[in-house]
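# Reading the structure
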Amino acid sequence: MINKRSMNLATNERGTLTGFPLVLLTPILVVAVMGLLAHWFLGGPSAPVAAAAQPTVVPATTAAPVSAAAAGQDEALWNAIDSQLQKMDMVKLQVHSEIKSVVIDGKNVAAHWAAYRLPDLYTAQQLTDILSAAAATAGATLTAPIQQTEQEGTGKVTTALYAEGTKVNAVQIDWIATSKPRICLIIDDAGYQKGAALEALYDFKVPVTCSIIPHTQYSNLLAQDFPSHGVEVMCHLPMEGHDHVARGAYKEYLKKGMDVETAKEEVKRGLADLPNCKGLNNHMGSVATLDLKLMTAVCEELKAENMFVIDSKTSAKAIVSKAAKAAGVPVAQREFFLDNQKTPGTVLKEMRLTAAYAQKHGLAVAIGHFNVITLKTLKVEVQKLKDQGFEFVYASEVVHQP
């Protein structure tokens, strides 16, 4: 995961003095020796003595990449921190990594440096504390209080530098709270098709979350494949709405008044079909999402699985956020549907409204659906918005504790 830039040390081969007259070489050697004697006895410029310095971090823009191996750095500290980051699924939020030079106690030290987008679920201080516990397992500590800087065009950057004293191994982690307007794009109803729609989705080249209906033709396959294409996996669990649904249309189907344990089993079975799943939102559900007992059962199962929930807001009276709060599950809700009418004009109009909302409020959550028209239209519009300075983020980045 880390791009280790090796330090190439140039070495000069020793040449031979073939054909060089020895009589000319002797005076040169005599002059050199006399100069050295004069330097020793008469005194010359001495090397400065480094004063004791507080641990400081070299800014990323000025730090020169170096090799951890060349600096004799052992990987235990980085491995401990990286393991914790992976456990928390932070790796997909990484925006930069390399080996660079930092200054600790007046010495240049090779450090693993990685920068990550800061998800709404945590503060930078909370994440720093979590990583401090991981660093302690490798005998390392935070070298100084975290530093915060405002970088134009980027946002607020919080820097934490960890080091292990005896070997001076170091890891620097930056958390970036972007100043750009953010758009969370969720694509529902995945699982029924691949083909041109899937190709368009993979061409987005920005973070996008795709919600898959479990136990559909391609559900398991897509859930396995999505992360390698930068697509976050979510479960799109069918729930009772106002429209009639044919018996057996879905393997899992939550209905108003359903027994709590039965509902939890339905959720568990749906999640089990989707490798890499991080959260859940409702498919339909304008009736089921009004049932507090049912939604609390759903959220309790999500809590047990360490997942989040997105309220698709198919009903203005949905109580998903209330249930999430009771269960302690991270939650967010949708602001825009992009394709209630599956036409390019509708998708463009709604996507531009989404962008305007994000520009005003900092974040907008929009849901579209897994069909060729929507995805091909979005593929083009997403790139335009990205070029205009909008940042696309995963659903897991925008959920928060209710």
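Right above here is the structure, for reference.
Residues numbered from 1 in each chain as written. Predicted model: local features only at pLDDT ≥ 70, side-chain atom pairs only at ≥ 80, totals over all residues. Heavy atoms only, no water.

### Description of the packing of helix H2 (residues 76–87) against helix H3 (residues 124–136)
So the rule is basically this: A fitted line through C-alpha atoms represents every axis, and for helices the fit uses only the stretch in contact; the resulting angles, taken between N-to-C directions, go from 0 to 180 degrees. For helices the rule is a DSSP run of H or I covering at least 4 residues; for strands it is a run of E covering at least 2, with both sets numbered from the N terminus onward. Just so you know how the angles are binned, under 35 degrees is roughly parallel, over 145 roughly antiparallel, 65 to 115 roughly perpendicular, and the rest oblique. Left-handed describes a crossing in which the near helix is turned anticlockwise from the far one by less than a right angle; the clockwise case is right-handed. Contacts: residue pairs with any heavy atoms within 4.5 Å of one another. In this classification, Asp, Glu, Lys and Arg are treated as charged, Ala, Val, Leu, Ile, Met, Phe, Trp, Tyr, Cys and Pro as nonpolar, and every other residue, Gly included, as polar.
Closest axis-to-axis distance for the H2/H3 pair is 8 Å, and the angle between their directions is 140°. Relative to H3, the element H2 lies oblique. Read as a crossing pair, H2 and H3 show a hand that is right-handed. In this structure, H2 contributes Leu77, Ala80, Ile81, Gln84 and Leu85 to the contact, and H3 contributes Ile130, Leu131, Ala134 and Ala135. Looking at the contact of H2 with H3 residue by residue, the classes come out as 8 nonpolar, 1 polar and no charged.

### Digging into H2
At 3.6 residues per turn, the α-helix brings residues three or four places apart onto the same side. Test applied: A helix's residues, less one, multiplied by 1.5 Å, set its expected span. Three exposure classes are used, based on accessible area relative to the maximum for each residue type with a 1.4 Å probe and protein chains only: buried under 20%, partly exposed in between, and exposed over 50%.
The terminal C-alpha atoms of H2, which comprises 12 residues, lie 16 Å apart, in line with the 16 Å expected from a rise of 1.5 Å per residue. Taken together, the buried positions of H2 are occupied by Leu77, Trp78, Ala80, Ile81, Asp82, Gln84 and Leu85. At the exit of H2 stands Asp89, carrying a positive phi of roughly 65°.

### Quick look at the packing of aromatic side chains
The following threshold applies: Under the pairing criterion, centres of Phe, Tyr and Trp rings, with the six-membered ring standing for Trp, must be within 6.5 Å; the plane angle then separates stacked pairs below 30 degrees from edge-to-face pairs above 60, leaving the rest tilted.
Counting across every chain of the model gives 4 aromatic pairs. On the basis of an interplanar angle of 90° and a centroid distance of 6.2 Å, the ring pair of Tyr202 and Phe226 is categorised as edge-to-face. A residue pair is termed long-range when its members are at least 10 positions apart, and Tyr202 in helix H4 (residues 195–202) and Phe226 in the loop between helix H5 (219–225) and strand E9 (231–239) qualify at 24 residues. Both residues of the pair, Tyr202 and Phe226, count as buried.

### Section: the side chain of Glu252
Convention followed: The definition of a polar contact used here is a pair of N or O atoms within 3.5 Å, where within protein one atom must be able to donate a hydrogen and the other to accept one, and adjacent residues in sequence count solely through side-chain atom pairs.
Counting through the fold element by element, Glu252 comes out in the loop between E9 and helix H6 (260–272). Among the polar contacts listed, one links the side chain of Glu252 to the side chain of His215, at a separation of 2.9 Å. Residues in contact with Glu252, not counting those within four places in the same chain, are Pro214, His215, Leu237, Pro238, Glu266, Arg269 and Gly270.

### Observations regarding the nonpolar core
Convention followed: To qualify as a nonpolar core, a set must consist of buried Ala, Val, Leu, Ile, Met, Phe, Trp, Tyr and Cys residues joined through side-chain atoms within 4.5 Å.
One finds Leu185, Leu201, Phe226, Leu280 and Phe370 to be the most contacted residues of the largest nonpolar core, which totals 62 residues. Among the elements that line this core, the one with the most residues is helix H7 (residues 292–304), at 6 residues. Leave out the neighbours within four places in its chain, and Leu201 touches Ile187, Val208, Cys210, Phe226, Val231, Phe370 and Leu375.

### Brief notes about H3
Inclusion rule: An arc is given here, and it is the one of the directions from the helix axis to the C-beta atoms.
In this model H3 runs 18 Å from its N-terminal to its C-terminal C-alpha over 13 residues, within 8% of the 18 Å that 1.5 Å per residue would give. Looking only at H3, the buried set comprises Ala124, Leu127, Thr128, Leu131, Ala134 and Ala135. Angularly, the buried residues of H3 cover 115° about the axis, an arc narrow enough to put them on a single face. Where H3 is buried, its residues touch H2, strand E3 (141–142), strand E5 (155–164) and strand E6 (169–178).

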